[in-house]
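Chain residues, written in single-letter form:
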Amino acid sequence: MPSKAQLLQIIGIQSALAKQGFELANVMDCVVESVLSLINSDGAVVELVEGDEMVYRAAAGSASKHLGLRLALNSSFSGLSVRTGEILMCSDSETDDRVDREACRKVGVCSMLVMPLNHEGRNVGVIKAYSATPRHFSQSDTELLGMLSDVISAAMYHASEYHESDLYFRATHDSMTDLANRSVFMDRLRQLTRNSRTPPRPAAIFMVDMDGLKAINDNFGHRTGDAILIEFAHRLQTAARTTDTVARLGGDEFGILLTPLAQDHEIHSILERLQQTIAKPFTFEGESHQLRASIGVAFFPGDGLDINSLMDTADNRMYQIKNISRSLPGGGLHIALNS
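The following refers to the structure shown.

Rules and cut-offs
Residues numbered from 1 in each chain as written. Predicted model: local features only at pLDDT ≥ 70, side-chain atom pairs only at ≥ 80, totals over all residues. Heavy atoms only, no water. Buried < 20%, exposed > 50% of the residue type's maximum accessible area, 1.4 Å probe, protein only. Helix = DSSP H or I, 4+ residues; strand = E, 2+ residues; numbered from the N terminus. Arc of directions from axis to C-beta. Contact = heavy atoms within 4.5 Å. 1 Å grid on protein atoms, 1.4 Å probe; cavity = no way out; pocket = protein on both sides within 12 Å on 5 of 7 lines; lining within 4 Å. Points joined across faces, edges and corners; volume = space filled by probe spheres on them. Nonpolar A, V, L, I, M, F, W, Y, C, P; charged D, E, K, R; others polar. Expected span 1.5 Å × (residues − 1).

Here helix H8 (residues 213-220) has its buried residues at Leu213, Ile216 and Asn217. End-on view of H8: buried residues confined to an arc of 100°, all on one side of the axis. For H8, exposure combined with an orientation more than 90 degrees from the buried face picks out Lys214, Asp218 and Asn219. In this structure, the buried side of H8 is in contact with strand E7 (203-211) and helix H9 (222-239).

Structural data, given as structure tokens:
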């Protein structure tokens, strides 16, 4: 049986989740973060069924770096839980024939607990907790995870009942800007880097940080800050091509995955279009505001072949140019294409 302290923790989690309202992506993020301390797991994920695959749509702990990971529905432990509708426990992935052993080794999973998520009478995914050590979970952990799965299932129901957008959209898009969220961005980047084409198809990763948002919030209030953030997101989407992925990664941080890049001059055309779009003043409630942003660019495959090195490179370049741009006047973009 769960302890009194754990039950009180569940109540606290439910209170925190209630503050997320009907924003499913935020609810899932909140739940996986809560799982880490609630049942002392190394990683926690929400996987949703998309076609014949299970996709990591929320992740916390050591699972965070695998956000967007795709597993085969028919050969994964999570997929088995979806197909059977059963709560599953794996004590040791090295001896359990039900698991995808190679995938477990890749993620660092030795034992796991998987709970199906039900929406409108069908299993649409799972909430999963895992540990790097064998025989980590107990029956009490199963009961606690079950309570959280009920919360997510309820959030799925309300998200689809009170919003016209479908469940998949609510789980994969930012509620404020309607841009793709971090899980979609990482998913697309992961698919790009695992493509077996020889030579690899060139692409570019933009890490975009909106400059000056805190000052806007402090001087004009969060209502103005939110309006500017939404406008900034809209301008990024407008300047990008239909084949590109524009995502809000969190706060005032955005990502753009440009693919394909058939010719070198394309990157400069896109940056010029972004510059012109961002530099235009934005008027809100009688006040004119100048939008500014710092961009770090990484190139695939030139700057790396795996998502971590590409993200780190783009991030580092963005922060380098951000430090310089603080002393520069005016709006528009400050861009770092190389170190």
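That shown, we press on.
This part takes up the layout of surface pockets. In this model, the largest pocket occupies a volume close to 450 Å³. In terms of lining residues, the largest pocket is bounded by 26 residues, among which Asp29, Leu67, Arg182, Ser183 and Leu249 are the most central. At six residues, the largest contribution of residues to the lining of the largest pocket is made by helix H2 (residues 24-38). Its residues assigned to classes, the lining of the largest pocket comprises ten nonpolar, nine polar and seven charged. Of the voids in this model, the second largest pocket is the one considered here, and its volume is about 270 Å³. Tallying contributions element by element places helix H4 (residues 101-107) first for the lining of the second largest pocket, with four residues. For the lining of the second largest pocket, a count of residues per class yields six nonpolar, three polar and seven charged.

Moving on, we come to H9. Given a rise of 1.5 Å per residue, 18 residues ought to cover 26 Å, and the 25 Å separating the end C-alpha atoms of H9 matches this to within 8%. When H9 is considered as a whole, its buried residues turn out to be Thr224, Gly225, Ala227, Ile228, Leu229, Glu231, Phe232, Ala233, Arg235, Leu236 and Ala239.

If a probe as big as a water molecule is rolled over the atoms, it shows which places are left empty. Under the criterion given, the structure shown has two cavities of 30 Å³ or more. The space that makes up the largest cavity amounts to roughly 100 Å³. As for the largest cavity, its lining consists of 13 residues, of which Leu71, Ala103, Cys104, Met112 and Lys128 are closest to the centre. Listing elements by their share of the lining of the largest cavity, those giving two or more residues are helix H3 (77-84) and H4. In terms of residue count, the dominant contributor to the lining of the largest cavity is H4 (three residues). Split into classes, the residues belonging to the lining of the largest cavity amount to nine nonpolar, two polar and two charged. Reported here for the second largest cavity is a volume of approximately 50 Å³. Considering the residues around the second largest cavity, the lining is formed by Glu23, Leu24, Ala25, Phe169, Arg170, His173, Asp174, Ser175 and Asp178. For the lining of the second largest cavity, the secondary-structure elements that each account for two or more residues are H2 and helix H6 (167-172).

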